[in-house]
Amino acid sequence: MSSSTPSHTPTSPAFYLQAVLSFGLSLTAVGIGVVFLPVDGWVRAFLGIAMLYCVTSAFTLAKVIRDRQEDTYISSRVDRARLDKLLTEHDPFKLDAP
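Residues numbered from 1 in each chain as written. Predicted model: local features only at pLDDT ≥ 70, side-chain atom pairs only at ≥ 80, totals over all residues. Heavy atoms only, no water.

(A) Representation of the overall build of the protein in the model. Within the protein, the secondary structure is distributed over 2 helices and 0 strands. A buried classification covers 5% of the 98 residues belonging to the protein. Accessible surface, the protein: about 9000 Å² in total, of which carbon and sulfur atoms supply 68%. (Helix = DSSP H or I, 4+ residues; strand = E, 2+ residues; numbered from the N terminus. Buried < 20%, exposed > 50% of the residue type's maximum accessible area, 1.4 Å probe, protein only. Areas by Shrake-Rupley, 256 points an atom, 1.4 Å probe, with all protein chains shown as cover.)

(B) How the structure looks around the environment of valine 55. Within the element layout of this structure, valine 55 appears in helix α2 (residues 41–89). A residue is classified by how much of its surface remains accessible, and valine 55, at 19% relative accessible area, is buried. Between the alpha carbons of valine 55 and phenylalanine 23 there is a distance of 9.7 Å; along the sequence they are 32 residues apart. With residues near it in sequence (within four places) discarded, valine 55 still touches Phe23 and Leu27. (Contact = heavy atoms within 4.5 Å.)

(C) Representation of the packing of aromatic side chains. Applying the stated rule across the entire model yields 1 aromatic pair. Between phenylalanine 23 and phenylalanine 59, the aromatic rings sit 5.4 Å apart at their centres with planes inclined by 75°, giving edge-to-face as the arrangement. Here phenylalanine 23, found in helix α1 (residues 13–35), pairs with phenylalanine 59, found in helix α2; they are 36 residues apart in sequence, far enough to count as distant. (Phe/Tyr/Trp six-rings, centres within 6.5 Å; stacked < 30°, edge-to-face > 60°.)

(D) Spatial organisation of the environment of glycine 33. Within the element layout of this structure, glycine 33 appears in helix α1. Separated by 15 residues in sequence, glycine 33 and glycine 48 place their C-alpha atoms 9.8 Å apart.

(E) Here's a closer look at the pattern of salt bridges. Evaluation of the coordinates by the stated rule reveals 3 salt bridges. Linking aspartate 67 and lysine 63 is a salt bridge whose minimum nitrogen-to-oxygen distance equals 2.7 Å. Placement of the pair is aspartate 67 and lysine 63 together in helix α2, with a separation of 4 residues, close to one helical turn. The class for lysine 63 is partly exposed, based on a relative accessible area of 45%. A salt bridge links aspartate 84 to arginine 80, with the shortest nitrogen-to-oxygen separation between them at 3.6 Å. (Salt bridge = Lys/Arg side-chain N within 4 Å of Asp/Glu carboxyl O.)

(F) Region of the structure containing the packing of α1 against α2. Two numbers describe how α1 lies on α2: the axes approach to 9 Å, and their chain directions differ by 165°. On the basis of their axis angle, the class for α1 and α2 is roughly antiparallel. Along this stretch, α1 crosses α2, giving a crossing that reads as right-handed. Packed against α1, whose contacting residues are Phe23, Leu27, Val30, Gly31, Val34 and Val35, the element α2 presents Arg44, Leu47, Gly48, Met51, Val55 and Phe59 at the interface. Of the residues belonging to the contact of α1 with α2, the class tally is 9 nonpolar, 2 polar and 1 charged. (Axes fitted to C-alpha atoms, helices over the stretch in contact; angles between N-to-C directions. Parallel < 35°, antiparallel > 145°, perpendicular 65-115°, else oblique. Left-handed = near helix turned anticlockwise from the far one by under 90°. Nonpolar A, V, L, I, M, F, W, Y, C, P; charged D, E, K, R; others polar.)

(G) Expanded view of α2. In this model α2 runs 72 Å from its N-terminal to its C-terminal C-alpha over 49 residues, within 8% of the 72 Å that 1.5 Å per residue would give. Looking at α2, one finds that the buried residues are Gly48, Met51 and Val55. Structurally, α2 contributes buried residues whose contacts are with α1. (Expected span 1.5 Å × (residues − 1).)

In short, shape yes, function no, at least from these values alone.
Here it is, written out as structure tokens:
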């Protein structure tokens, strides 16, 4: 019988650092691009707000996906524990006495 629980691989510190630096660099690059864009102040402000909205919505989406995945993992662990309990309590050789 195969286990349906996903294997948990922890994130390495190097991967975490790369992700943080990549995010910071991309956000800085877009911010500098918006600041030095040769347009009116209102257009620059609109693009800055739009960039911040994209960043916050990306964080929200990542959190929602993570929460949904954790809920699925927890419920599958509970179902697996119930099944294991039923299987350990079941004795196929036990006779029901009248």
